[in-house]
Amino acid sequence: MLNYKLISHDNDDVLVMLHGFLGNVDTFTPYISNLSQQVDILLIECPGHGETHDLSTTWDFEYISQALIDTIQQFKYNNVYLYGYSMGGRIALYTAIHYPSHIHKLILESSTPGLETNSDKNARIAHDLKQAASMIIDYDAFIKRWEGLPLFQTFRPLCEAAALRQHNTRLNHEPLYVAKALIDYGTGMQPNLWPHLSELKQPVLLLTGSLDKKFCDIAKRMHTMLANSEHIIIEAGHTIHVENSQIFDTIIVSFIKEENHD
């Protein structure tokens, strides 16, 4: 099973939340006050993040998705809503495709079904290996470069408290563990899920930020291939839950409370 925190008010349903790369089990805590009144929330910590991990285990998508289902199944909820941000979204999508009977609805924020060609996958694997090596050599310098990526431009400057919290979360990892996470289940190692999108019959909500053109384009294409999906573009960059948390909260509550039409 995976490390987790359960926020329960004895609801019948649960929202399972998977953070992105360099997040942790508390990533979403400041942004779910309204959500937690509507549904129980199970915050999942992905392998290599936060607590000590077994480096001898290969954290591939098959392993993580099975561990995720095992973690969820120890609780007895009527409906499971699975949410994933970025890296967490890639895990969530893989899990929903391979364990469809366990997932009632799927929410993906700034995520992707993966790379489609072997050449792109191999290039990304080589890039991630270099990134992992740089993390082990000088983790502080890696974080500085990571936070400077155009991907993390924001619609409005983050308040000082939010920016500091995000920075400290990223810093507070063991470099060897997060380097292994990048190697084991980075984008290059993700199976190509594009051909499997049509298999998903449950409702899917796709969230992207207006400044995040790459992921907006990906979500638009996903929307055309999914049987039952909605794509909402929010005034934000890649980290919608941080940059526009009130809208994020409201949209998810609305989605999980909607009647099913499938």
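Further up the page is the structure itself.
Numbering of residues starts from 1 in every chain and runs along the sequence as written. For this predicted model, a pLDDT threshold of at least 70 governs which residues receive local features, and a threshold of 80 or more governs which side-chain atom pairs are given and counted, while totals over whole chains, interfaces and linings are taken from all residues. Side-chain figures throughout are based on the complete set of non-hydrogen atoms in the structure, without hydrogens or water.

Chemist: How do you make sense of the overall build of the protein chain when you look at a structure like this?
Modeler: Here a strand is any run of E in DSSP of at least two residues, a helix any run of H or I of at least four, and the numbering for each starts at the N terminus. When its secondary structure is counted, the protein chain shows ten helices and seven strands. For the protein chain, the C-alpha radius of gyration of 17 Å lies close to 18 Å, the compact-globule estimate for 262 residues. When each of the 262 residues of the protein chain is scored for burial, the buried share is 53%. Long-range contacts, defined here as pairs at least 24 residues apart, represent 81% of the contacts in the protein chain between residues at least 6 apart. With residues, only the protein chains shown are counted as cover, and all accessible areas are computed by Shrake-Rupley using a 1.4 Å probe. Roughly 11,900 Å² of accessible area belongs to the protein chain as shown, and the carbon and sulfur atoms make up 51% of that amount. Just so you know, the count uses Lys and Arg for positive and Asp and Glu for negative, and it drops His and the chain ends. By convention, the charge on Lys lies at NZ, on Arg at CZ, on Asp at CG and on Glu at CD. The centroid of the 19 positive side-chain charges in the protein chain is displaced by 6 Å from the centroid of its 31 negative side-chain charges. What the globule rule says is 2.2 Å times the number of residues to the power 0.38, and the radius of gyration is computed from C-alpha atoms. Categorising residues by exposure relies on relative accessible area from a 1.4 Å probe, with only protein chains included: less than 20% of the type maximum marks a residue as buried, more than 50% marks it as exposed, and the intermediate range marks it as partly exposed. Only heavy atoms matter for contacts: two residues are in contact if any of them lie within 4.5 Å across the pair.

Chemist: Hey, could you run me through the packing of aromatic side chains in this one?
Modeler: The way to describe two aromatic rings as a pair is by their centre distance and the angle between their planes. Stacked, tilted and edge-to-face are the three classes applied to pairs of Phe, Tyr and Trp rings, where Trp contributes its six-membered ring and a pair requires centres within 6.5 Å; stacked means planes under 30 degrees apart, edge-to-face means over 60, and tilted covers the rest. One pass over the full model with this rule turns up ten aromatic pairs. Note on F75 and Y77: the rings are 6.3 Å apart at their centroids and 50° apart in plane angle, and the pair reads as tilted. The burial state of F75 is the same as that of Y77; both residues are buried. Seen from their ring centres, W146 and F152 are 5.5 Å apart, and the 50° between their planes marks the pair as tilted. Taking relative accessible area as the criterion, W146 reaches 16% and is therefore assigned buried. An aromatic cluster of three or more residues is present, and its members are F21, Y139, F142, W146 and F152. The ring of F152 has R170 lying over it, and the distance from NZ or CZ to the ring centre is 4.8 Å. Note on criteria: charge over ring means Lys NZ or Arg CZ within 6 Å of the ring centre, with the direction from the centre no more than 35 degrees off the ring normal. Over the face of the ring belonging to W194 we find R221, whose NZ or CZ atom lies 4.0 Å from the ring centre.

Chemist: Is there a simple way to think about the sheet that holds strand β5 (residues 105-109) in this case?
Modeler: Backbone-to-backbone hydrogen bonds join strands into a sheet, with any given pair of strands oriented parallel or antiparallel. Strands were regarded as paired on the criterion that DSSP finds at least two bridges between them. Strand order in the open sheet formed by seven strands is β1-β3-β2-β4-β5-β6-β7, with mixed pairing between adjacent strands. Both outer strands of the open sheet, β1 (4-7) and β7 (229-234), are each paired with one neighbouring strand and no more. Neighbour to neighbour, the strand axes of the sheet diverge by 15° on average, direction disregarded. With four bridges connecting them, β1 and strand β3 (residues 40-44) associate as antiparallel partners. Residue pairing for β3: L6 is matched across the bridge by L42. In this analysis, axes come from line fits to C-alpha atoms, helices being fitted only over the stretch in contact, and the angle between any two N-to-C directions falls in the range 0 to 180 degrees.

Chemist: Help me understand the layout of surface pockets in this model?
Modeler: Over the atoms a probe the size of a water molecule is rolled, and this reveals where empty space is left. Here a cavity denotes a set of grid points, spaced 1 Å apart and computed over the protein atoms alone, in which a 1.4 Å probe fits but from which it cannot get out, and a pocket denotes an open set meeting protein on both sides within 12 Å along at least five of seven lines; residues with an atom within 4 Å of a point are reported as lining. Grid points are joined across faces, edges and corners, and a volume is the space filled by probe spheres set on the points. The space that makes up the largest pocket amounts to roughly 850 Å³. Secondary-structure elements contributing two or more residues to the lining of the largest pocket are α3 (87-98), α4 (118-137), α6 (160-171), α7 (175-185), α8 (213-225) and α9 (240-243). Considering each element in turn, the lining of the largest pocket owes the most residues, five residues, to α6. Asp, Glu, Lys and Arg are counted as charged, while Ala, Val, Leu, Ile, Met, Phe, Trp, Tyr, Cys and Pro are counted as nonpolar; the rest, among them Gly, fall into the polar class. Residue classes in the lining of the largest pocket are distributed as 18 nonpolar, 16 polar and eight charged.

Chemist: How should I be thinking about the pattern of salt bridges in this particular structure?
Modeler: If the charged atoms of two oppositely charged side chains come close together, the side chains can form a pair. A carboxyl oxygen of Asp or Glu within 4 Å of a side-chain nitrogen of Lys or Arg is what we treat as a salt bridge. Here the structure, examined in full by the defined rule, presents six salt bridges. In this structure, R221 and E116 form a salt bridge, with 2.8 Å as the shortest nitrogen-oxygen distance. Taken together, the positions of R221 in helix α8 and E116 in the loop between β5 and α4 put the pair 105 residues apart, joining distant regions of the chain. With relative accessibility at 37%, the residue R221 sits in the partly exposed group.

Chemist: Looking at this structure, I do not really get empty space enclosed by the protein. What am I missing?
Modeler: Applying the stated criterion across every chain yields a total of one cavity of 30 Å³ or more. Lining the largest cavity are L108, S110, S111, L206, L207, T208, A219 and M222. Every element with two or more residues in the lining of the largest cavity is listed here: β6 (204-209) and α8. Ranked by residues supplied to the lining of the largest cavity, first place goes to β6 with three residues. Its residues assigned to classes, the lining of the largest cavity shows five nonpolar, three polar and no charged.

Chemist: Teacher, can you tell me more about a nonpolar patch on the surface here?
Modeler: Grouping into patches uses exposed residues only, defined as over 30% relative accessible area, and leaves out salt-bridged ones; the cut-off is 9 Å for like charges and 5 Å for nonpolar side chains (Val, Leu, Ile, Met, Phe, Trp, Tyr). Together, L55, I136 and L176 line one region of the surface with nonpolar side chains, adding up to about 270 Å² of accessible area. Along the chain, L176 turns up in helix α7. The exposure class of L176 is partly exposed, given its relative accessible area of 44%.

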